[in-house]
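# Coordinate analysis (summary)
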Amino acid sequence: MTELDKLKRAQMYVEQLANGKEPITGIDMPQDTVLNNERLAKCFSYVSYVLQKVIENGGEVAKKPENEKLPFEITEQEKSRIIISEIPISITVVCDNISNAVDLTVFKKLSAVKVNDWFTEKGLLKEIESAGGKSKRKTLTDKSALIGISQEERVSQYGKAYTANLYNREAQKFIIDHLDEILAKSKLLRGE
């Protein structure tokens, strides 16, 4: 086994620990085990990230820029701290509420674009050209209302009319319940 192979295996094991799984079998660890502690999960996540960067660099350690943050990740314990609005809110506000449950000095914010792209892939939103054909926007499908996405006509602070997609309590909960799948899809697109 080469040194790079050893790094890859170590990174895989540490990532399993970060995700609350026993590294050899992949089975979920009990919640009360010390290895399933939220602070340790963040530590494991950081070590996994560093090992991944070393692997990508052919086994050489590269210095992380001071202001570079890790891709968004969230633990089950952090999910329990997410504020769910009782009134329908925009996807940007939903993602801000989710992002505020993690340490934003370490992790990037959850991308509303990535969440909307996942919704589009699942057929819960569709992409259409905006008036004038200069840009694209997300709009409802016949499945949108089933999970609590609606639309509302609004006027911007500059007097321009637009249609806003709004996510009610059930839609916000749906996003939280599917965060692992959304984040996994995002990792695939980033090539992680």
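Preceding this paragraph is the structure being described.
For the structure given in this document, a descriptive report is provided here. All values derive from a computational prediction rather than experimental measurement.

### Side note on the overall build of the chain
Each helix and strand in the chain was counted, giving 8 helices and 4 strands. The linear arrangement of helices and strands in the chain, starting from the amino end, is α-α-α-α-α-β-β-α-β-β-α-α. Dimensions of the chain along its principal axes, counting C-alpha atoms only, are 60 × 40 × 30 Å. For the chain, the residues scored as buried account for 33% of the 192 residues in total.

### Description of the side chain of Glu78
Relative to the helices and strands, Glu78 resides in helix H3 (residues 76–79). Separated by 2.8 Å, the side chain of Glu78 and the backbone nitrogen of Thr75 make a polar contact. In this structure Glu78 touches Glu38, Lys42, Glu73, Ala101 and Val102, once residues within four positions along its chain are discounted.

### Topic: helix H7 (residues 169–177)
Since the α-helix turns once every 3.6 residues, residues separated by three or four places project in the same direction. Those residues of H7 not exposed but buried are Ala171, Gln172, Ile175 and Ile176. One face of H7 carries all of its buried residues, which in axial projection span an arc of 145°.

### Remarks on the pattern of salt bridges
Enumeration over the complete set of coordinates arrives at 12 salt bridges. In this structure, Lys21 engages Asp28 in a salt bridge whose closest nitrogen and oxygen atoms are separated by 2.5 Å. Residue Lys21 is classed as partly exposed on the basis of its relative accessible area of 26%. The closest approach of N and O atoms between Glu127 and Lys138, which form a salt bridge, is 3.1 Å. Note that Glu127 is positioned in strand S1 (residues 125–129) and Lys138 in strand S2 (residues 136–140), a separation of 11 residues in sequence. Residue classification places Glu127 among the partly exposed positions, given a relative accessible area of 44%. Here the salt bridges share partners, and the residues they tie into one network are Glu76, Lys79 and Asp180.

Procedures and definitions
- Residues numbered from 1 in each chain as written.
- Predicted model: local features only at pLDDT ≥ 70, side-chain atom pairs only at ≥ 80, totals over all residues.
- Heavy atoms only, no water.
- Helix = DSSP H or I, 4+ residues; strand = E, 2+ residues; numbered from the N terminus.
- Buried < 20%, exposed > 50% of the residue type's maximum accessible area, 1.4 Å probe, protein only.
- Polar contact = N/O pair within 3.5 Å; in protein donor to acceptor, adjacent residues only side chain to side chain.
- Contact = heavy atoms within 4.5 Å.
- Arc of directions from axis to C-beta.
- Salt bridge = Lys/Arg side-chain N within 4 Å of Asp/Glu carboxyl O.

So far we have only geometry, and geometry alone does not tell us how the molecule works.
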